[in-house]
Amino acid sequence: MSSVFGDPGYARLPDGRRLHYVSQGEGRPVVVLESGLGATRTEWGLVMPAIAERTRVVAYDRAGLGRSDHDPHRRHLDRMVEDLGHLLDHLGEDRYILAGHSLGGPIIRSYASAHPERVAGLVLIDQAAEDLDFYYKRSMRAVAMGTQSVMAGLATLGVKVVPGEVRRILALFPPDMRAEALAEMTRPSEIRASRAEYAALAEGFARLRSSTGALPPVPITAISGALTPSKVEKQVRPQLIASHRRLVEAQPHGRHVLAERSGHMVPQDEPDLVIAEILRLITRPAS
């Protein structure tokens, strides 16, 4: 099946599942994009074309999302990192530049800690931060998972619910991208897969927080959204930015960048900034 987001392909995993990905451009180093919680390749539609002018760029759908097969196992962080590793093995390169948004940040960091020889650089785009207590509050998790359950139930009945922030983001995309993304994100299976990721989030973050795995000494950029459009963001945003700064200040080649016109959705609100930071790693002289 074709995709307006790039040339499609499938990576076959050892357990028989398939991960769907799209690719644009040619060249090395290859850039692989890791999406946020419950998101797919479609969130990178405004970023990929500019990267593809310089090198090959790949975005994929995690298990159960987009066009990838369902995973019957618990979707904890280690499982997602394992799947990412199988995708990178399938793509066949020695080293990659990895960029991750939101939950994608901890996923690519975990992979980089376990396989430092495979990573040439990291771009962490308003990444989720396991050192913040916010992610462990049961009340917040219960509300989010309850909302997702209701949405899945309505979708099963043919009622498509698109939250206001999602509608705002979709309006930034060209019509063909918007149509493809919307057709997938309103399916019951898509919402259930998103809920499965959220259900295991706290346990994965707790393990990551207690981990002693070091990041490789490669260029690492953390991009933080600066806007606070909601009450929750006003409370959490300063803590999140501080966490991003702490992480890169502890790295030999760390860099922190503020996305002044964005809240959390930096890849859509400021794609040019994301593009610039990825291209900066592509053109950086090897150390």
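Just so it is clear, the model here is predicted, and its values are computed rather than measured.

What counts, and at which threshold
Residues numbered from 1 in each chain as written. Predicted model: local features only at pLDDT ≥ 70, side-chain atom pairs only at ≥ 80, totals over all residues. Heavy atoms only, no water. Phe/Tyr/Trp six-rings, centres within 6.5 Å; stacked < 30°, edge-to-face > 60°. Buried < 20%, exposed > 50% of the residue type's maximum accessible area, 1.4 Å probe, protein only. Helix = DSSP H or I, 4+ residues; strand = E, 2+ residues; numbered from the N terminus. Lys NZ or Arg CZ within 6 Å of the ring centre and 35° of its normal. Salt bridge = Lys/Arg side-chain N within 4 Å of Asp/Glu carboxyl O.

## Examining the packing of aromatic side chains
Aromatic rings considered in pairs are described by the distance between their centres and by the relative angle of their planes.
Next up, step 1: Evaluated as defined, the whole model comprises two aromatic pairs.
Next up, step 2: With a centroid separation of 5.3 Å and an interplanar angle of 80°, the aromatic rings of Phe134 and Tyr135 are classed as edge-to-face.
Next up, step 3: We classify Phe134 as partly exposed; its relative accessible area is 25%.
Next up, step 4: Seen from their ring centres, Tyr135 and Phe205 are 5.4 Å apart, and the 70° between their planes marks the pair as edge-to-face. Here Phe205 lies in helix α8 (residues 201-209) and Tyr135 lies in the loop between β6 (119-125) and α4 (138-156), a separation of 70 residues in the sequence. For the pair shown, Tyr135 and Phe205 are each scored as buried.
Next up, step 5: Taken together through their ring pairs, the aromatic side chains of Phe134, Tyr135 and Phe205 make up a single cluster.
Next up, step 6: Across the ring face of Tyr136, the terminal group of Arg209 is positioned such that the distance to the ring centre comes to 4.2 Å.

## Quick look at the pattern of salt bridges
Next up, step 1: Under the counting rule described, the total for this entry stands at 29 salt bridges.
Next up, step 2: Asp69 is the partner of Arg18 in a salt bridge, and the nearest nitrogen-oxygen pair spans 3.6 Å. Here Arg18 is found in strand β2 (residues 18-24), whereas its partner Asp69 is found in the loop between β4 (57-60) and α2 (77-91), with 51 residues between them in sequence.
Next up, step 3: With a relative accessible area of 29%, Arg18 lands in the partly exposed category.

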